[in-house]
Amino acid sequence: MRRRTVLKLAVAAIMSGAQGFPGIVSRAYTAPGAADAKFLLVFLRGGYDAANVVIPVGSPFYYEARPTLALARPNPSDPQAALPLVGADNTVGWGLHPALKDSMYPLWQAGQVAFVPFAGTTDMSRSHFETQDSVESGLPPGPRTYGSGFMNRLAAVLGGTAAPVAFTDGLPVVLRGDLVVPNVSLKGTGRAPFDERQVAILASMYAGTRFEHLISEGFELRKTVAEQNEMMASGGTSGEMQAANRNAISARGFELEARRMAGLVRDRFNLAFIDVGGWDTHVNEGGTQGQLANLLGNLGQGLAAFAEQMGSAWRSTVVVVISEFGRTFRENGTRGTDHGHGTVYWVLGGSVRGGSIAGDQVAVDRSTLNQDRDWPVLNEYRALFGGLFKAVFGLDGTRTDQVFPNTAARDLGLV
Amino acid sequence: MCDRHIRCALLTFLLLLPSCSIGRANSSSSGPAALTAGDVRWLNRVTFGIDSATAARYRQLGRARFLSEQLQLKVEDPSTLAAAIAAIPVTQYSAEQLVRNARVEQERLKALPTEDDKQQARMALNQAANQAVYEATKRQLMRALYSPAQLQEQMTWFWMNHFNVFSGKGTVRWTLAEYEERAVRPRALGSFRDLVLATVKSPAMLEYLDNAQSAAGRINENYARELMELHTLGVAGSASGSRYTQRDVQELARVLTGVGVNATDAAPRLSPERQALYVRDGLFEFNPNRHDFAPKIVLNQRFGSTGFAEVGQAVTLLARQPATARFISSKLARYFIADDPPSALVNAMAATFQRTDGNIAEVLRTMFTSPDLLSASAPTGKFKDPMQFVVSSLRLAYDGKVITNYRPVVGWLTQLGEPPYGHVTPEGYGAAETAWASPGQLVKRFEIARAIGAGSAGLFNTEDNRPGPSMGFPMLNNRLFYEAIEPTFGARTREALAQAASQAEWNTLLLASPEWMQR
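Since we're looking at a predicted model, the values are computed, not measured.

Glancing now at helix α17 (residues 322-336) of chain B. Taking 1.5 Å per residue as the helical rise, α17 of chain B with its 15 residues ought to reach 21 Å, and the 21 Å between its terminal C-alpha atoms agrees with that figure. Counting buried residues along α17 of chain B, 13 of its 15 residues qualify, which places the element largely inside the surrounding structure.

Next up on the list: the interface of chain A and chain B. Listed per partner, the contact involves 27 residues of chain A and 25 residues of chain B. Among the secondary structure elements, those contributing two or more residues to the side of chain A that touches chain B are α3 (128-137), α5 (196-205) and α6 (212-233) of chain A. For the side of chain A that touches chain B, the element with the highest residue contribution is α6 of chain A, accounting for seven residues. The residue makeup of the side of chain A that touches chain B, split by class, is 16 nonpolar, seven polar and four charged.

This part is about the confidence of the model for chain A. Residues and elements named next belong to chain A. When the pLDDT values of chain A are averaged, the result is 84; 84% of them are 70 or greater. Low pLDDT (under 50) marks residues 1-32, which in the prediction has 62 contacts with non-local residues, meaning those over four places away or in another chain. Taken together, the stretch residues 236-251 has pLDDT below 50 and engages in 22 contacts with residues farther than four places along the chain or on a different chain.

Residue and element names in this part refer to chain B. Read from one edge of the open sheet, three strands run β1-β3-β2, paired in antiparallel fashion. Looking at the sheet topology across the chains shown, the edges are occupied by β1 (259-261) and β2 (279-281). Ignoring which end each strand starts from, the neighbouring axes of this sheet average 20° apart. One ladder, built from three bridges, connects β2 with strand β3 (residues 284-286); its direction is antiparallel. Bridge assignment links D281 to a residue of β3, and that residue is F284.

You can see L69 of chain A is positioned in the loop between α1 (60-65) and β4 (83-85). When the C-alpha atoms of L69 of chain A and V276 of chain A are compared, they prove to be 22 Å apart, with 207 residues separating the residues in sequence.

Let us look at the pairing of strand β9 (residues 317-323) of chain A. Residues and elements named next belong to chain A. Burial of β9 is extensive: seven of the seven residues sit out of reach of the surface. Note: strand β2 (residues 38-44) against β9, seven bridges, orientation parallel. Note on β9: the bridge partner recorded for L40 is V319. Here β9 pairs with strand β10 (residues 343-348) via three bridges, running antiparallel. Bridge assignment links V319 to a residue of β10, and that residue is L348.

This paragraph deals with the pairing of β10 of chain A. All names here are of chain A. Taken across its six residues, β10 has six buried, putting it largely inside the fold. Of the two faces of β10, the one holding T343, Y345 and V347 and the one holding V344, W346 and L348 are both buried throughout. Two strands pair when backbone bridges link them, and strand β6 (residues 113-120) and β10 are joined in this way by five bridges, in the antiparallel orientation. When the sheet's bridge partners are listed, V113 is paired in β10 with L348.

Our focus in this paragraph is the environment of Q518 of chain B. Residue and element names in this part refer to chain B. In this structure, Q518 sits in the segment after α27 (503-512). Residue classification places Q518 among the buried residues on the basis of 20 C-beta atoms within 10 Å. Taking the C-alpha atoms as reference points, Q518 and K384, 134 residues apart in sequence, are found 5.2 Å from one another.

About the cut-offs
Here the residue index of a chain counts from 1 through its sequence in written order. Each chain takes a letter, starting from A, and each ligand takes a number, starting from 1, following the order in which they are written. Given that the model is predicted, a residue must reach a pLDDT of at least 70 before its local features are reported, and side-chain atom pairs must reach 80 or more before they are shown or counted; all residues, however, enter totals for whole chains, interfaces and linings. Helix numbers and strand numbers start at the N terminus; a helix is a DSSP run of H or I with at least 4 residues, a strand a run of E with at least 2. The span you would expect from a helix comes to 1.5 Å times its residue count less one. Buried residues are those with 20 or more other C-beta atoms within 10 Å of their own C-beta, exposed residues have 12 or fewer, and partly exposed residues lie in between; C-beta atoms are placed from the backbone. Once C-beta atoms have been placed from the backbone, residue pairs whose C-beta atoms lie within 7 Å are recorded as contacts. All residues other than Ala, Val, Leu, Ile, Met, Phe, Trp, Tyr, Cys, Pro, Asp, Glu, Lys and Arg, Gly among them, are scored as polar; the first ten of these are nonpolar and the last four charged. Scored from 0 to 100, pLDDT records how confident the predictor is in each individual residue. A pair of strands is treated as paired once DSSP finds two or more bridges between them. For helices, the axis comes from a line fit to the C-alpha atoms of the stretch in contact; other axes are also lines fit to C-alpha atoms, and the angle between any two N-to-C directions lies between 0 and 180 degrees.

Here it is, written out as structure tokens:
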């Protein structure tokens, strides 16, 4: 029984908890395809357990299938319980993991985040590497060719306005391809190690070589990162930055990276990628507390910090959080979950029409599982991203085809 | 004189005339012959990177005898290195001991009274596991840096990457040291078929690719697919000529049922008939009760119900396929020679592979004596992967002076995107320039060049980073540099070096130069 339920949440009031997010109060929508549009892809590597994050609390089968891992139904007096994701019809079919209470939940209440369950790829290998690579390449099923990723092709069709970057050690498949895309890890201390004279000498050795352009990109990015860090460390230049800096002192892990990333995306880039690892929770996954909760807390804080640090640019920014696959709907014998299929994508941004569970859905029950094991994929990722890029960057059909060949773009109306 | 040596080297190289190489060796007694640019390039492929000892040996033996020696050197390390390696704790235990100890500790911590105690014990166990991985890495780096058997150690790295396992999965952290030491390294220059079979019997591989979980009626295809796609034939439909089908994958998976790991004292209860087919070797176990004894057909060959002998039959079958000869030859050429090696070279190597029934040393001999070898990549050179970049830089900079603290080296490899035993997925690290020459990685290499060149990385500290003897910065402008490195530099690099304001900066520029990034 598949039913199409694109729920929309009317945000009646700005919640007090959302005060920290600039841009909410005015909530001026940026026109689709605006020149200042920005897109960030966050890849949760390892296959996060979506069913314990955006939780089908309305499904008795969920509680049957996860005797030790399940989170309690929403209950205001129980801090261990899932947080209610109240739909437009006032029913609570879904709940949010409480580790996201202070980060994603305010965004949800402000209507700035939508969740798309039953999302993913048609690749059924349930293999991390194959699924990650095939998702990043964004090509229709066929022989493996990972020479070109969909964000590289997106940058190509955007032409001169594209400013892509990967915040990773190496260049991920999603940004590989014809265009030279710079990458930099934001994990380090960030001090620029060479002065201008040294940079000039180093670059001079590469003049006329095939590396010349790569190196100038690399140096430029390295310098920008160092400047951003110094600005953050010295208290910043604006009220916004100062507000951010208060938190930056205690920031650690992904939050610190996310703040640095926001500074760079705000000022210099419009297509960005970062990945967060560690989600392969086969053993002792935990419930309200534990492995998954810690990972989520870290991720949520980072994303909230990113939203805050983007300042007014958050209004024209769309962030999508994905993973290669979901996990088995039933918990396994070691209090964890194994590789599954359908997952939940998160779509967030200052102008996202969120507060909704979006896309095609199906009642969560034993009979609707894929291969009696995991969630089906009802919302294919290439169609989703195609639709999203159309809306965010104003792409026409021809250009969407170049990014996602042989795919009918599908706009969920989130942007 | 120089010309004569080039001609001589060329003759040696083309015709393998022993008299010529002897003549070369003799001439060294009347004063060492200068290395030509071609010699240096060749040496930088056969080894992880030139150092004084390598250069001296080469001058002494000449190219052909140097290569023969590299292909024949014993697996045993020379005594000083062997003693240093024997002192590394992880080398003193078998994988079985390490896994069993970890299991005992896990049981013990479950019984601890408080959650805090458990947490502490868990952390200590994790630390011990990380330490075991570090020690395996250290051993690999020590051999890469200091062993005279450079080709053997490069090939050990190559095969560890080809038959990749990931230290983060399950008990691989405890079994990988033995995997490298017992399964891969002793066969790095031997028979390819034996090498494949050794990996099939390795607990690290069986756990990493989930075959330990696969049993009759509960098939896991993961390993069967990778054994064909990544380890032998190449992906179906690719340039190797590989033609296996999904059906072949399923059939091979059935052949592999029962091949697994047993970390307990208990042996399965078997009927007398099956008892005869039971195999146990350390952690490795072939359990006939889990094996699918129904007939199978893989690549059109019938398999009888012979238990583990079926696995040997399958490995022989796969190793002897022409597609395997082409796939392995092409991968070797892409690692050592060029991202897009000449097809004549790959064909010659594949022919040797088939003629010698997969003798790895002979395939390498064909490659390293081929006239296509150096012309193939000229004038660009082959971009070093992070391991080659870091190891060659350390070999040049410290030239045999033994590092005590390998943690910075592990850190560099990680920052460059090639953490040791850290590739999650079974295809291993790529060898192509595009995988390593991103803007972020290039600039990171400059920073590492500086850390090495300035002598500031703490490489001679103790492993818990207490200060060791002060070594200052290395002196890279030594005889080896002027003989072997400087002649490879173009005008721009020379100009840059001339602008260096200090020895440390000069070192940095050398190790950051475009010529040094390539071999």
